[in-house]
Protein chains: 2
Amino acid sequence: MPRKSLLTVPLDASKSQTLQDQLALGLKKRIQSGALAAGEPLPSSRELATELGIARNTVIAAYDRLIGEGYLEARPRSGLFVVEGLCTRPAPLAGGAASKPVRSAAIRPNRLAGEIPFRQGRPDVRLFPIESWARTHSRLLRTQGRSLLSYLPARMLGLPALQESLARYLRESRGVHCRAGQIAITSGSQQALYLLAHVLAGPGTRSLIEDPGYGLARRAFESTPTALVSVPIDLQGAVVPADLKPTAAVYLTPSRQFPTGVSMPVARRMQWIGFAARTKAWIIEDDYDSEFRYGHAPLPSLQSLDPNGRVIYVGTMSKILFPALRIGYAVLPEELIADFSAIREAVDDHGPVLDQLTLSEFITTGDFYRHVKRCRKAYAERQEAFLTAARSERLPLDFPHTDGGMNLTGLFTNGINDADASRALLEAGIDVPPLSRYASKAKPNGLMFGFSAHSPTVIRAGLRRVAEVLASLG
Amino acid sequence: MPRKSLLTVPLDASKSQTLQDQLALGLKKRIQSGALAAGEPLPSSRELATELGIARNTVIAAYDRLIGEGYLEARPRSGLFVVEGLCTRPAPLAGGAASKPVRSAAIRPNRLAGEIPFRQGRPDVRLFPIESWARTHSRLLRTQGRSLLSYLPARMLGLPALQESLARYLRESRGVHCRAGQIAITSGSQQALYLLAHVLAGPGTRSLIEDPGYGLARRAFESTPTALVSVPIDLQGAVVPADLKPTAAVYLTPSRQFPTGVSMPVARRMQWIGFAARTKAWIIEDDYDSEFRYGHAPLPSLQSLDPNGRVIYVGTMSKILFPALRIGYAVLPEELIADFSAIREAVDDHGPVLDQLTLSEFITTGDFYRHVKRCRKAYAERQEAFLTAARSERLPLDFPHTDGGMNLTGLFTNGINDADASRALLEAGIDVPPLSRYASKAKPNGLMFGFSAHSPTVIRAGLRRVAEVLASLG
């Protein structure tokens, strides 16, 4: 433990900065200067609080900030560490070396490797057929490269080849009604949500959002002038409002409500479709991981059920393939295409082209389908392993929604507060966000576990640790 | 020459469609059906006109349209060809083949190949060392792939390896003061402009923008509530306002003012630095193509001159490497990092990771520097060829700023209206935007020519055509 170096962080209660700010800043400086080196472990919050003579919450808050800013990371069963490969101070400039390339000591893909249990929404990238992807990418670049290096024509929504293969995939797998030209390729589904919020939610409008719900969807709408109204979640998913006030946009996750995991039955879906027709609302259907459903066939997408064409289907490759690809998409109703592309042009014009062609080829060769099938099988086993272990560890959590996806949401069956539990678990190297973090007015109390990225062995070991920590709190 | 297939295009002068429309449509259909195959050469306009018994201008116009729509491409010294890998009709959907992949006949990168003279800001992608890029990408994916497939940690500004190699490059080549951690990697420089506008330009603020100026920078600011004030351009670039009202942001292109091409002398730069210090303004320095300067060494970047740290340096790889890469960057002052990353998270979280590592490696191996050098040499020759041809064709245009870049801006020396000229030239297959298109209050009258993507032969032929069209207007 590098206690000495930490104890040299000077804290002064009389300063205008809070102790937490001083501690966070002091640690950051020591990391930046290299005094606290990459990979070095940090003392537990309890230890450091005792040694510095400050409140433990102050240390926890400072640590949390540095985790958020990417300076520290929690490792399972080991505690907190300084992240590998951080930027330290720039080396002094070599005089006159203007055009001489300097080979850096090592490429640093750092901070990407390894997944902490049970981070939500993470695919197991070890299953990804990386060789086949690399081969495809390389072949396309060599055979068609030159024609792929230029800008896409102004306001084109995506590479036509990918629009076509995605349209076919969405028609076949999710019954989505679309022609290729309606598919906008975005930088992750997050960009689709951001752009749609800005297309739909102008001044003087109201928009509805699930509560608890997906934080970054809320953030996208909060960046518009719309009045954002929380919609509560019951056992059938998002509850349709009784009033029929004009509504600009509704954000829904019908396949698997985020974060509760509720799957919306068809009757409730039809109510939302009726609501949209009567209020002239556009519904954004965020179908982020419906590919992974175990046992039952997936429910039809909301978009496929809507005879009025008021549903905008949004999906992502982050969960099916790999997150770093940053390819998402939105199936745009014809009348929204012009506004969407105009805003897109100002935001970033368009995304990288080569990956779009690689993905298209990946779909048309069938590699894509084989990969989804392989993942579905592995994740089903992992879910099973998770639920079995959760039972045998007698976790004080109830997992009511287990029909699919990459996460399992547990509701506390005893009085434990989810934020306290989550914090204690993070210190033990386990990242399970509290449901309350996703809530605005709602008061859910539970934890969200991602199981898809971990082998059954890691899952069992992880849940044993969860049981220990929760027992110490209970 | 596939004359037979072309001669089967049925033309009928009595139809309501013009002959040009009929010819363009007929050719397009033959290409779509595969009757005119990828890579096939077309007869010259003179030959085809003779054989079809129609005016040569009709053929030229039809060809030009198909070039514009991406069906045909001009190859230097060889003539026109059907573009490789075009969309042919999508195969009909196989019924019930839900999970069976359909291999499409061909990948369709269409409409990306071929560049129309004299589109501005286009690098010559034929010079790009595509083999080396493909090899690097493939090697990194194979050796470090798994660790590169996950999300970047929350709010990380870019892949640290790329931040470091870019920081080194910017310090060496442009004297930019930065540490690696300040560099945000964006989806083209456009995303940097959009995000910065939203970070800086809140309600009740004023922001300054060059007039005439870069349209998409203006669009980025127009998407904020700021009051946007036009700054006129004189022979030293953007004119510093006399008033010292509080200012949120200033958008400048000091290296080469867009679109006039004026290079801002150091004295004017220092005035802007003083203005920013006094008004607490942040200056966005968009340094989009300063790598290409012929003859003289580039002027120091505004950022490197500013002792107060109020300049945000923005750059792009679209001009140096290739546009479809969609990698731009901003060097963020420390105090803006938190706000920038918060907005970025809502906009699209982060960009694709593999290309960032490939680019970083490309820089550290020196391939990057060799490529820039090769392009600089080629573009210098092309600029020379352009100016020589412009003189010998006696164009009614004056090109006052010729020290670098990828474009040459011509000001009319006779009374021709730039919008009329641009329209007439576009009909003749030449894309040169009028300066008035970039103006809000200003009244410039000229045309903007991109020369970098074309061989001297294409440049000479293109300018001959420009001279003909302008003569017909004059």
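Each chain has its residues counted from 1, following the order in which its sequence is written. The order in which chains are written sets their letters, starting at A; the order in which ligands are written sets their numbers, starting at 1. The predicted origin of the model limits local features to residues at a pLDDT of at least 70 and limits the giving and counting of side-chain atom pairs to 80 or more, whereas totals for whole chains, interfaces and linings rest on all residues.

1. Details of unusual backbone geometry
Outside of glycine, negative phi angles account for most residues, and trans bonds account for most peptide bonds. All names here are of chain A. For clarity, the threshold we go by: Comment: elements are numbered from the N terminus, with helices defined as DSSP H or I runs of at least four residues and strands as E runs of at least two.
With an omega dihedral of 0 degrees, the bond running from Asp 211 to Pro 212 counts as a cis peptide bond. For Pro 212, the position within the fold is in the loop between strand 4 (206–211) and helix 8 (215–222). A positive phi angle is found at Asp 349, which is not glycine, with a value near 70 degrees.

2. Some details on the pairing of strand 3 (residues 183–187) of chain A
Residue and element names in this part refer to chain A. So the rule is basically this: Burial is judged by counting other C-beta atoms within 10 Å of a residue's own C-beta: 20 or more means buried, 12 or fewer means exposed, and anything between counts as partly exposed, with every C-beta placed from the backbone. Any two strands between which DSSP finds at least two bridges are classified as paired.
The element strand 3 is extensively covered by neighbouring structure, given that five of its five residues are classed as buried. The pairing of strand 3 with strand 10 (residues 327–331) spans five bridges and is classified as antiparallel. If you follow Ile 185 over to strand 10, its bridge partner there is Tyr 329.

3. Observations concerning the sheet that holds strand 12 (residues 407–412) of chain B
Residues and elements named next belong to chain B. An order of 11-12-13 is seen for the three strands of this open sheet, with the pairing classed as antiparallel. Edge positions in the open sheet fall to strand 11 (397–398) and strand 13 (446–450), since each of these has one partner strand only. As judged from the two bridges shared by strand 11 and strand 12, these two strands associate in the antiparallel manner. When the bridges of strand 12 are listed, Asp 398 appears paired with Leu 411.

4. Observations regarding the packing of helix 7 (residues 188–200) of chain A against helix 11 (residues 337–347) of chain A
Residues and elements named next belong to chain A. Note the following rule: Helix axes are fitted only over the stretch in contact, all axes being lines through C-alpha atoms; the angle between N-to-C directions runs from 0 to 180 degrees. Any angle that falls under 35 degrees is termed roughly parallel, while one over 145 is termed roughly antiparallel, one within 65 to 115 roughly perpendicular, and all others oblique. For any helix crossing, the convention is left-handed if the near helix is rotated counterclockwise from the far helix by under a right angle, and right-handed if that rotation is clockwise. Once C-beta atoms are placed from the backbone, any two residues with those atoms within 7 Å are in contact. Polar here means any residue outside two lists: the nonpolar Ala, Val, Leu, Ile, Met, Phe, Trp, Tyr, Cys and Pro, and the charged Asp, Glu, Lys and Arg; Gly therefore counts as polar.
At their nearest, the axes of helix 7 and helix 11 sit 9 Å apart, and the two run at 120 degrees to each other. Relative to helix 11, the element helix 7 is oriented oblique. Crossing geometry of helix 7 relative to helix 11 is assigned as right-handed. Side by side, helix 7 and helix 11 meet where Leu 195, His 198 and Val 199 of the first sit next to Asp 339, Phe 340, Ile 343, Arg 344 and Val 347 of the second. For the contact of helix 7 with helix 11, a count of residues per class yields five nonpolar, one polar and two charged.

5. Regarding the pairing of strand 10 (residues 327–331) of chain B
Residues and elements named next belong to chain B. Of all five residues in strand 10, five are buried, a share of seventy percent or more. Along strand 10, one buried face is formed by Ile 327, Tyr 329 and Val 331 and the opposite face, lined by Gly 328 and Ala 330, is buried too. Pairing geometry for strand 9 (residues 311–316) and strand 10, over four bridges, is antiparallel. Its bridge partner being in strand 10, Thr 316 is matched across the sheet by Gly 328.

6. Quick word on the confidence of the model for chain A
Formally: What pLDDT expresses is the predictor's confidence in each residue, scored from 0 to 100.
Of all residues in chain A, 88% have pLDDT values of 70 or greater, and the mean over the chain is 87. For residues 1–5 of chain A, every residue scores under 50 in pLDDT, and the model assigns this stretch nine contacts once sequence neighbours within four places are set aside.

7. Re helix 6 (residues 160–174) of chain A
Residue and element names in this part refer to chain A. The test is simple: Any helix carries an expected span of 1.5 Å times its number of residues minus one.
For helix 6, which comprises 15 residues, the first-to-last C-alpha distance of 20 Å matches the rise-based estimate of 21 Å (1.5 Å per residue) to within 8%. Burial of helix 6 is extensive: 12 of the 15 residues sit out of reach of the surface. Those residues of helix 6 not exposed but buried are Pro 160, Ala 161, Leu 162, Gln 163, Glu 164, Ser 165, Leu 166, Ala 167, Arg 168, Tyr 169, Leu 170 and Arg 174. Looking at the buried positions of helix 6, the neighbouring elements they touch are strand 3, helix 10 (302–305), strand 10 and helix 12 (354–365).

8. With respect to the sheet that holds strand 7 (residues 249–252) of chain A
Residue and element names in this part refer to chain A. Pairing is mixed across the open sheet formed by eight strands, whose spatial order is 3-10-9-8-7-4-5-6. Strands with a single pairing partner mark the edges of an open sheet, and in this sheet they are strand 3 and strand 6 (237–238). In this structure, strand 4 lies alongside strand 5 (residues 227–234), joined through six bridges in parallel fashion. Of the residues in strand 5, the one forming a bridge with Arg 206 is Ala 227. Across the sheet, helix 8 touches strand 4, strand 5, strand 7 and strand 8 (282–286), and the angle it forms with strand 4 is around 165 degrees.

9. Some points on the environment of Arg 168 of chain A
Residues and elements named next belong to chain A. Within the secondary structure, Arg 168 sits in helix 6. Using a count of 22 C-beta atoms within 10 Å as the deciding quantity, one classes Arg 168 as buried. Between the C-alpha atom of Arg 168 and that of Ile 363, which follows or precedes it by 195 residues, the distance is 9.6 Å.

10. Examining the domain arrangement of chain A
Residue and element names in this part refer to chain A. As a reminder of what qualifies: Residue ranges for the domains originate in an automatic or database domain assignment.
Domain boundaries in chain A define domain 1 (3–82), domain 2 (151–368) and domain 3 (369–473). Facing the nine residues of domain 1 at the interface are eight residues of domain 3. Here the residues of the side of domain 1 that touches domain 3 are counted per class, giving three nonpolar, four polar and two charged.

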